[in-house]
Amino acid sequence: MRTPFVAGNWKMNKTSTEAKALILELKDGLEKITNVEIVVCPPFISVPAVSNLLETSSIGVGTQNVHWEDNGAYTGEISAPMVKEFANYVIIGHSERRTYFGETDETVNLRLKAALKAGLIPIVCVGETLEENEAGKTFDIVSNQIRNGFTGITESEMKSVVVAYEPVWAIGTGKACDAETANEVILKTIREPIQAMFGADVSSELRILYGGSVKGSNAKEYFSQPDIDGALVGGASLKPDFIDIAKAAGAC
Ligand code: PGA
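Computed from a predicted model, the values in this text were never measured in an experiment.

**Topic: the sheet that holds strand 5 (residues 121-126)**
To summarise the sheet geometry, strands pair through backbone hydrogen bonds and adopt either a parallel or an antiparallel arrangement.
(1) Moving on: With respect to topology, eight strands assemble into a closed barrel ordered 1-2-3-4-5-6-7-8, the strand pairing being parallel. Within the sheet, the average angular offset between the axes of one strand and its neighbour, ignoring direction, is 25°.
(2) Moving on: With four bridges joining them, strand 6 (residues 162-165) and strand 7 (residues 207-211) adopt parallel strand pairing. Within strand 7, the position partnered with Val 162 by the bridge is Arg 207.
(3) Moving on: Helix 12 (residues 241-251) contacts strand 1 (5-9), strand 2 (37-41) and strand 8 (230-233) of the sheet and is inclined by roughly 160° relative to strand 1.

In structure tokens form, the structure reads like this:
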């Protein structure tokens, strides 16, 4: 049995003061949901404040990125040991990082290794662009992202990993991918390649999320699919709707 997993990616939203107010607004509702692993990922600068408010809570805290070196001359970057003092999770390879900040499968792989070394739980994002989708390349693109992103990772490291399938065209657009298609892509381009790389046990235990315009009103469709174990939520994680999404994950 895979424990359902719901993560909120706050992206570049909320000042630290606003982040504290938001988590206080969501906290009680989220803590009532005891059978779902729930994580919020505020901007770096708000992570200590949010993590402080969640110190005794079941809700986990993550960051939205991490550098692969532990320290050094990398102005503006944050390393995995720095994250680990405040958070236990990290989003890696989000499509906005790939699109706007030049992330590649190779840098995803480096960041993943650094996160695992520091004992963080990585949420690794994959997904095709609209252009790739329309050209019928979804399966090739996503399975390659998986193969390249997970090169050199051990079977035991894979046990803590979470993967998120986020079709780029569905992120923040309100055009969610239909649940059956998302399940099929997840099975063929993530679960099966992971099985080929790491074996059936790792593949059947791996938590795989769908992300892209998930809301309280459509969440159940995804969570009822056999290969979708939760969601990575952007816009709706900044609202009480996030509680409904987490509830839906616990009910499926
Ligand atoms: P969205 O974003 O829920 O706003 O579509 C999802 C994500 O970027 O993780």
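**Structural notes on the layout of surface pockets**
(1) Moving on: Each pocket or cavity is described by its volume, and for the largest pocket that value is around 420 Å³.
(2) Moving on: Of all the elements, helix 4 (residues 95-100) adds the most residues to the lining of the largest pocket, at three residues.
(3) Moving on: Grouping the constituent residues of the lining of the largest pocket by class yields eight nonpolar, four polar and three charged.

**Remarks on the side chain of Glu 166**
(1) Moving on: In this fold, Glu 166 is placed in the loop between strand 6 and helix 9 (179-198).
(2) Moving on: Of the side chains bearing the opposite charge, Lys 11 lies closest to the buried Glu 166, which forms no salt bridge; the N-O distance is 6.5 Å.
(3) Moving on: When near neighbours in sequence (up to four residues on either side) are disregarded, Glu 166 contacts His 94, Cys 125, Val 126, Gly 127, Glu 128, Ile 171, Gly 211, Gly 212 and Leu 232.

**A few points about the pattern of salt bridges**
(1) Moving on: Under the criterion given, the structure shown has eleven salt bridges.
(2) Moving on: With a shortest N-O distance of 2.8 Å, Arg 2 and Asp 229 are connected by a salt bridge. In this pair, Arg 2 sits in the segment before strand 1 while Asp 229 sits in the loop between helix 11 (219-223) and strand 8, placing the two residues 227 residues apart along the sequence.
(3) Moving on: Taking the shortest distance from any N to any O, the salt bridge between Arg 191 and Asp 229 comes out at 3.0 Å. Here Arg 191, found in helix 9, pairs with Asp 229, found in the loop between helix 11 and strand 8; they are 38 residues apart in sequence, far enough to count as distant.

**Here we look at the site of the ligand**
(1) Moving on: Within the structure, the ligand sits among 13 residues, and Lys 11, His 94, Glu 166, Gly 172 and Ser 213 are positioned closest to it.
(2) Moving on: A distance of 2.6 Å is found between an oxygen atom of the ligand and a side-chain nitrogen or oxygen belonging to His 94.
(3) Moving on: One of the backbone nitrogen or oxygen atoms of Gly 234 is found 2.8 Å away from an oxygen atom of the ligand.
(4) Moving on: Computed on the free molecule, the ligand has an accessible area of 280 Å², of which 95% lies beneath the protein chains in the complex.
(5) Moving on: In terms of residue class, the shell around the ligand is made up of four nonpolar, seven polar and two charged.

**Some remarks on unusual backbone geometry**
(1) Moving on: Despite not being glycine, Lys 11 has its phi angle at roughly 50°, a positive value.
(2) Moving on: By secondary structure assignment, the location of Lys 11 is in the loop between strand 1 and helix 1 (16-31).

**Quick notes on the pairing of strand 4 (residues 89-92)**
It is a general feature of regular strands that their side chains alternate between the two faces of the sheet.
(1) Moving on: A two-sided burial pattern is seen for strand 4, the buried positions comprising Tyr 89 and Ile 91 on one face and Val 90 and Ile 92 on the other.
(2) Moving on: The pairing of strand 3 (residues 60-63) with strand 4 spans two bridges and is parallel. Residue pairing for strand 4: Thr 63 is matched across the bridge by Val 90.
(3) Moving on: Direction of pairing for strand 4 relative to strand 5: parallel, over a ladder of four bridges. Residue pairing for strand 5: Ile 91 is matched across the bridge by Ile 123.

Conventions adopted
- Residues numbered from 1 in each chain as written.
- Predicted model: local features only at pLDDT ≥ 70, side-chain atom pairs only at ≥ 80, totals over all residues.
- Heavy atoms only, no water.
- Pairing = 2+ DSSP bridges.
- Helix = DSSP H or I, 4+ residues; strand = E, 2+ residues; numbered from the N terminus.
- Axes fitted to C-alpha atoms, helices over the stretch in contact; angles between N-to-C directions.
- Contact = heavy atoms within 4.5 Å.
- 1 Å grid on protein atoms, 1.4 Å probe; cavity = no way out; pocket = protein on both sides within 12 Å on 5 of 7 lines; lining within 4 Å.
- Points joined across faces, edges and corners; volume = space filled by probe spheres on them.
- Nonpolar A, V, L, I, M, F, W, Y, C, P; charged D, E, K, R; others polar.
- Buried < 20%, exposed > 50% of the residue type's maximum accessible area, 1.4 Å probe, protein only.
- Lys, Arg positive; Asp, Glu negative; His and termini not counted.
- Salt bridge = Lys/Arg side-chain N within 4 Å of Asp/Glu carboxyl O.
- Near = heavy atom within 4 Å.
- Polar contact = N/O pair within 3.5 Å; in protein donor to acceptor, adjacent residues only side chain to side chain.
- Areas by Shrake-Rupley, 256 points an atom, 1.4 Å probe, with all protein chains shown as cover.

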